[in-house]
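Take a look at the letters that make up each chain.
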Amino acid sequence: MSTKKLTTREEVEDFVRGCTFFGTGGGGLPSNGIDSLMSEIEKGNEVGWVDISEIDDDAITVCPFLMGSIAPHTPEVIKEMEGFGLTNPVNKEKERLAKAVAELAKYMGVKVSAVVPIELGGANTPGPLAAGILNGIPCVDGDYTGRAIPEILQTTPYIAGKKLWPVASVDEFGNVCFIDQAINYRMVERIGKLIASGAYGLAGQAGFLMTGKEMKETIIPGTLTESYEVGKMIREARESNLNPVEEIVNKLDGYLLAKGVVTNKETKDELGYYWGVHTIAGREEFEGNTYKIWFKNENHVMWENDKPIITSPDMIVIVNSKTGEPYANPILAIGEEVSVIGLKARKEFQNEKAIGVLGPRYFGFDFDYVPIDERIKNK
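Residues numbered from 1 in each chain as written. Predicted model: local features only at pLDDT ≥ 70, side-chain atom pairs only at ≥ 80, totals over all residues. Heavy atoms only, no water.

A word on the pairing of strand β7 (residues 176-179)
Heads up, the rule is: A strand pair is defined by DSSP finding two or more bridges across the two strands. Think of it this way: any DSSP run of H or I at least four residues long counts as a helix, any run of E at least two long counts as a strand, and we number them from the N terminus.
In terms of strand pairing, strand β6 (residues 167-170) meets β7 through four bridges, oriented antiparallel. Of the residues in β7, the one forming a bridge with S169 is C177. Hairpin connection from β6 to β7: five residues lie between these consecutive antiparallel strands, with G174 at a positive phi of about 100 degrees.

See below:
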């Protein structure tokens, strides 16, 4: 029996909105996440999650995740795909994930008892939840990142020294692959991305086979419930004619870093990642300032007038200034009126090993991570 059940479209949208918020621009498209869950509710299936305490210590858990780029396909790419016969998708996102779980369990000869999302995001949290439903197993209330991330080593299992592989991969056209052995996390990330980009999109993959005991030692608990509550709070704020941006900042102990209009967007789809820079012209109290946000799937560095003001592992969240609705990066468009909210990193990522794989130097920038609290205090 689920600890939390989602029974209406409003509840699903609240949940996906919160996941998108913590997705910091990545984590998949929220429309896909809503579809993944609503289609299960419409079939009469129970949609929800269970507390980690409900999973036995000797049970086997698995982590399904979407691997690849969320960049839109250009007409040129679509034509190229046709040359490989990639014209008739057979697996939606949740089906890719569900089949990856089943393929990994069969490959390893184990019975999987629960799924764990790898991250928070509009599609990459609802997808694993739906994958659990399709396999008849529960999803736990928690994840391995507490936000969204572009690379699989930017997770708590990596920080804790847990093994990721083997990994099963199923793409939308039905191709199935396995990564049996790997020399390290970065090579799993590279091979997994190449598998996904080979099929021109997102593959459903599954790995991190762990016992319930190992999962409980590694997971960031309660994040699915937290996402639901944040998404609900944003909706209720605007329904009550409150300023949703102010409500978010106050309730989450965050910082309003900028308010303005998106004036430019530079993007590219390369090596299975969606890269780019958003430019925002400041408005109101931020008038006269120019802001740039660099993303690799997710937002990772923000500058004010060419000076860095926040970086990962702290969270950079772009929302609609009027509605508080969070943006996934592929959806954010020039002309949008936005507010940028900064949140401090979760405690699990406030350590040297985590900063080493999620801080600005890891992404190639020549400056150190400084916690947002310190940056704002010294501004």
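Focus on the sheet that holds strand β15 (residues 315-320)
Where we set the bar: Under this scheme, a helix contributes an axis fitted over its contacting stretch, all axes are lines through C-alpha atoms, and angles between N-to-C directions fall in the 0 to 180 degree range. Contacts: residue pairs with any heavy atoms within 4.5 Å of one another.
Strand order in the open sheet formed by seven strands is β14-β13-β12-β11-β10-β16-β15, and the pairing between neighbours is antiparallel. Looking at which strands have only one partner, the edges of the open sheet turn out to be β14 (307-311) and β15. Taking each pair of neighbouring strands and ignoring which way they run, the sheet shows an average axis angle of 35 degrees. As defined by bridge partners, strand β12 (residues 290-296) adjoins strand β13 (residues 298-304) across six bridges and the pair is classed as antiparallel. Within β13, the residue paired with K296 across the bridge is E298. In the packing of helix α10 (residues 244-251) onto the sheet, the strands contacted are β10 (255-270), β15 and β16 (337-343), and the crossing angle to β16 comes to about 5 degrees.

A short note on the pattern of salt bridges
Let me state the cut-off plainly: Note on definitions: salt bridges are taken to be side-chain nitrogens of Lys or Arg within 4 Å of carboxyl oxygens of Asp or Glu. To sort residues, take the accessible area from a 1.4 Å probe on protein chains only and compare it with the maximum for the residue type: under 20% means buried, over 50% means exposed, and anything in between is partly exposed.
Overall, the coordinates contain 24 salt bridges when judged by the stated rule. R17 is the partner of D14 in a salt bridge, and the nearest nitrogen-oxygen pair spans 2.8 Å. Residue D14 and its partner R17 are both found in helix α1 (residues 9-22); the two are separated by three residues, about one turn of the helix. The burial state of D14 is the same as that of R17; both residues are buried. One salt bridge connects E217 with K213, and the closest N-O pair in it is separated by 2.6 Å. Of this pair, E217 and K213 both sit in helix α8 (residues 212-218), four residues apart, which is roughly one turn of that helix. Salt bridges here are not isolated pairs; linked through shared partners, they connect E10, D14, R17, R235, R238, E239 and E325.

Remarks on a nonpolar patch on the surface
Let me state the cut-off plainly: Each patch is built from salt-bridge-free residues with over 30% relative accessible area, joining like charges within 9 Å and nonpolar side chains (Val, Leu, Ile, Met, Phe, Trp, Tyr) within 5 Å. In this description, accessible areas are obtained by the Shrake-Rupley approach with a 1.4 Å probe, and a residue is regarded as covered only by the protein chains that are shown.
Taken together, the side chains of Y107, M108, V110, V176 and F178 present a nonpolar region at the surface, about 370 Å² in accessible area. Breaking the nonpolar patch down by element, the ones donating at least two residues are α4 (93-108) and β7. Here Y107 is to be found in helix α4.

Re unusual backbone geometry
P166 follows W165 through a cis peptide bond whose omega is 5 degrees. On the secondary structure map, P166 appears in the loop between α6 (156-159) and β6. Following S312, the chain continues into P313 via a peptide bond in cis, with omega recorded as 15 degrees. As for its placement among the helices and strands, P313 is situated in the loop between β14 and β15. Even without glycine at this site, F208 takes up a positive phi of about 55 degrees. Mapping F208 onto the fold places it in strand β8 (residues 202-211). Note on F208: relative accessible area 0%, which makes it buried.

Regarding α4
The periodicity of an α-helix, 3.6 residues per turn, causes residues three or four places apart in sequence to face the same way. Quick reminder of the rule: Expected helix span is computed as 1.5 Å times (number of residues minus one).
Under the 1.5 Å per step criterion, the end-to-end length of α4 is 23 Å for 16 residues, consistent within 8% with the ideal 22 Å. Among the residues of α4, E93, K94, R96, L97, A98, A100, V101, L104 and A105 are the ones counted as buried. Along its buried surface, α4 packs onto α2 (30-42), β3 (60-68), α5 (126-135), β6, β7 and β8. Backbone geometry just after α4 places G109 at a positive phi near 70 degrees.

Some remarks on the packing of aromatic side chains
Cut-off, in case you're wondering: In summary, the pairing rule links any two rings of Phe, Tyr or Trp, Trp by its six-membered ring, whose centres are within 6.5 Å, and it sorts them by plane angle into stacked for under 30 degrees, edge-to-face for over 60 and tilted for everything else. The criterion for a charge sitting over a ring is simple: Lys NZ or Arg CZ within 6 Å of the ring centre, and within 35 degrees of the ring normal.
Tallied over the full model, the rule gives 17 aromatic pairs. Look at Y362 and F363: their rings are 5.6 Å apart centre to centre, the planes differ by 80 degrees, and that puts the pair in the edge-to-face class. Members of the aromatic cluster, each reached through a chain of ring pairs, are Y273, W275, W294, W303, Y362, F363, F365 and F367. Just above the ring of Y273 sits the side chain of K296; from NZ or CZ to the centre is 4.2 Å.

A closer look at the nonpolar core
What counts, and what does not: To form a nonpolar core, buried Ala, Val, Leu, Ile, Met, Phe, Trp, Tyr and Cys residues must be joined to one another through side-chain atoms within 4.5 Å.
Counting residues in each nonpolar core, the largest one holds 43 residues, and the members touching the most others are V140, Y144, I152, L164, F208, M215 and W294. Those elements giving two or more residues to this core turn out to be β3, α7 (185-198), β8, β11 (273-282), β13 and α11 (352-358). Beyond its immediate sequence surroundings of up to four residues, W294 is in contact with W275, G276, V277, N299, H300, V301, W303, F363 and F365. Counting residues in each nonpolar core, the second largest holds 42 residues, with L104, V115, V230 and V319 among its members.

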